[in-house]
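Structure at a glance
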Amino acid sequence: MIGRLNHVAIAVPDLDAATAQYRDTLGAKVGAPQDEPDHGVTVVFIELPNTKIELLHPLGEGSPIAGFLEKNPSGGIHHICYEVEDILEARDRLTASGARVLGSGEPKIGAHGKPVLFLHPKDFTGTLVELEQV
Ligand SMILES: CC[C@@H](C(=O)O)C(=O)SCCNC(=O)CCNC(=O)[C@H](O)C(C)(C)COP(=O)(O)OP(=O)(O)OC[C@H]1O[C@@H](n2cnc3c(N)ncnc32)[C@H](O)[C@@H]1OP(=O)(O)O
Ligand SMILES: [Co+2]
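Rules of the game
- Residues numbered from 1 in each chain as written.
- Chains lettered and ligands numbered in written order.
- Predicted model: local features only at pLDDT ≥ 70, side-chain atom pairs only at ≥ 80, totals over all residues.
- Heavy atoms only, no water.
- Donors = N, O, S within 2.8 Å, 3.2 Å for Na, K, Ca; no water.
- Tetrahedral: all angles 85-135°; square planar, octahedral: opposite > 155°, others 65-115°.
- Core = buried A, V, L, I, M, F, W, Y, C linked by side-chain atoms within 4.5 Å.
- Buried < 20%, exposed > 50% of the residue type's maximum accessible area, 1.4 Å probe, protein only.
- Helix = DSSP H or I, 4+ residues; strand = E, 2+ residues; numbered from the N terminus.
- Contact = heavy atoms within 4.5 Å.
- Near = heavy atom within 4 Å.
- Polar contact = N/O pair within 3.5 Å; in protein donor to acceptor, adjacent residues only side chain to side chain.
- Areas by Shrake-Rupley, 256 points an atom, 1.4 Å probe, with all protein chains shown as cover.
- Nonpolar A, V, L, I, M, F, W, Y, C, P; charged D, E, K, R; others polar.
- Salt bridge = Lys/Arg side-chain N within 4 Å of Asp/Glu carboxyl O.
- UniProt positions renumbered as here; feature names shortened; annotations may be inferred.

The protein chain appears in an unreviewed UniProt entry as Methylmalonyl-CoA epimerase from Jannaschia ovalis.

**A short note on the coordination of the cobalt ion (ligand 2)**
The textbook angles at a metal center are 109.5 degrees for a tetrahedron of four donors and 90 or 180 degrees for an octahedron of six. At the metal site, the cobalt ion (ligand 2) is ligated by His-7 (NE2), Glu-54 (OE), His-79 (NE2) and Glu-130 (OE), and these contacts range over 2.1 to 2.3 Å. Taken together, the 6 donor atoms coordinating the cobalt ion (ligand 2) span angles of 73 to 168° at the metal, a pattern that classifies the geometry as octahedral.

**A short note on the nonpolar core**
Counting residues in hydrophobic clusters, the biggest one holds 22 residues, and the most contacted among them are Ile-46, Ile-53, Leu-55, Leu-119 and Leu-131. Secondary structure elements with two or more residues in this core: strand 1 (5-11), helix 1 (15-25), strand 4 (41-47), strand 5 (52-58), strand 6 (76-84), helix 3 (87-96), strand 8 (115-119) and strand 9 (128-133). In contact with Ile-53, other than residues within four places in its own chain, are Val-8, Ile-10, Tyr-22, Val-44, Phe-45, Ile-46 and Leu-48. Among the nonpolar cores identified, the runner-up in size contains 8 residues, and Ala-9, Ala-11, Val-41 and Val-43 belong to it.

**Some thoughts on the site of ligand 1**
The full set close to ligand 1 counts 21 residues, and Glu-54, Pro-64, His-78, Ala-111 and Lys-122 are the nearest of them. Separating an oxygen atom of ligand 1 from a side-chain N or O atom of His-7 is a distance of 3.2 Å. Between ligand 1 and Ala-111, the relevant distance is 2.8 Å, taken from an oxygen atom to a main-chain nitrogen or oxygen of the residue. Protein coverage of the free-state accessible area of ligand 1, which is 1100 Å², stands at 69%. Mapped onto the shell around ligand 1, the elements with two or more residues apiece are strand 4, helix 2 (66-71), strand 6 and strand 9. Its residues assigned to classes, the shell around ligand 1 comprises 10 nonpolar, 6 polar and 5 charged.

**A look at unusual backbone geometry**
A positive phi angle is found at Thr-125, which is not glycine, with a value near 45°. For Thr-125, the position within the fold is in the loop between strand 8 and strand 9. The exposure class of Thr-125 is exposed, given its relative accessible area of 80%.

**Quick look at the pattern of salt bridges**
This structure, assessed with the given rule, holds 5 salt bridges. For Arg-23, the salt bridge goes to Asp-24, with nearest N and O atoms at 3.0 Å. Classification of Arg-23 by relative accessible area gives partly exposed; the value is 42%. Each of the salt bridges in this network shares a partner with another, and the network as a whole consists of Arg-91, Asp-92 and Glu-106.

**Some details on the side chain of His-39**
Structurally, His-39 can be placed in the loop between strand 3 (34-36) and strand 4. If we ignore the near neighbours within four places in the chain, the residues touching His-39 are Pro-64, Lys-108, Ile-109, Gly-110 and Val-116.

**Considerations on the UniProt feature "domain: VOC" (unreviewed entry) in the protein chain**
Residues given the UniProt feature "domain: VOC" (unreviewed entry) here are residues 4-134. Secondary structure content for residues 4-134 is 21% helix and 37% strand, and the end C-alpha separation is 10 Å.

Quick look at the structure:
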């Protein structure tokens with residue numbers, strides 16, 4: 001059911017410093033910061049030859065990554081995003097198998113303008129999983 005790895009997301013306490021590190025130290029192609037108020041984060045995408053890295057920083061009150069950064073003040077890998085062809089079919093299949101979809105259970109539009117949803121980390125070996133319809 002899952003397809004390509006779309007991105008690996010890293011929550012960071014200092015978005016400018018993390019962006020500079022990827023650009024200047026690692027020599028990667030970095031994008032501009034994008035505010036995503038519907039998701040409570042600001043993101044910077046790093047383009048790699050085979051996938052993307054999504055740097056995440058909290059935006060506004062009640063950001064879903066605030067608790068993660070409190071527990072991991074230096075930052076850390078926050079989620080992985082897999083591509084699926086039909087997100088509703090994937091959701092229904094996963095919920096039928098007992099997995100918990102986070103939030104309302106309905107997909108939201110993600111940073112690439114495509115529908116996304118999240119699966120509880122406790123149902124996927126301690127890893128928060130994002131699905132993106134491509
Ligand atoms: C920009 C848009 C989009 C895109 O297009 O790419 C994005 O990526 S948006 C990214 C941010 N959005 C989200 O993460 C939405 C889904 N996340 C959530 O709803 C919450 O973050 C959460 C997963 C429910 C966690 O909420 P929180 O309040 O921080 O923690 P809990 O106390 O409820 O945690 C329960 C349990 O799970 C562990 N945990 C929490 N986060 C993670 C994580 N990222 N990876 C692995 N495990 C995680 C947490 O430690 C708790 O475990 P115990 O301590 O053992 O109980
Ligand atoms: Co993401």
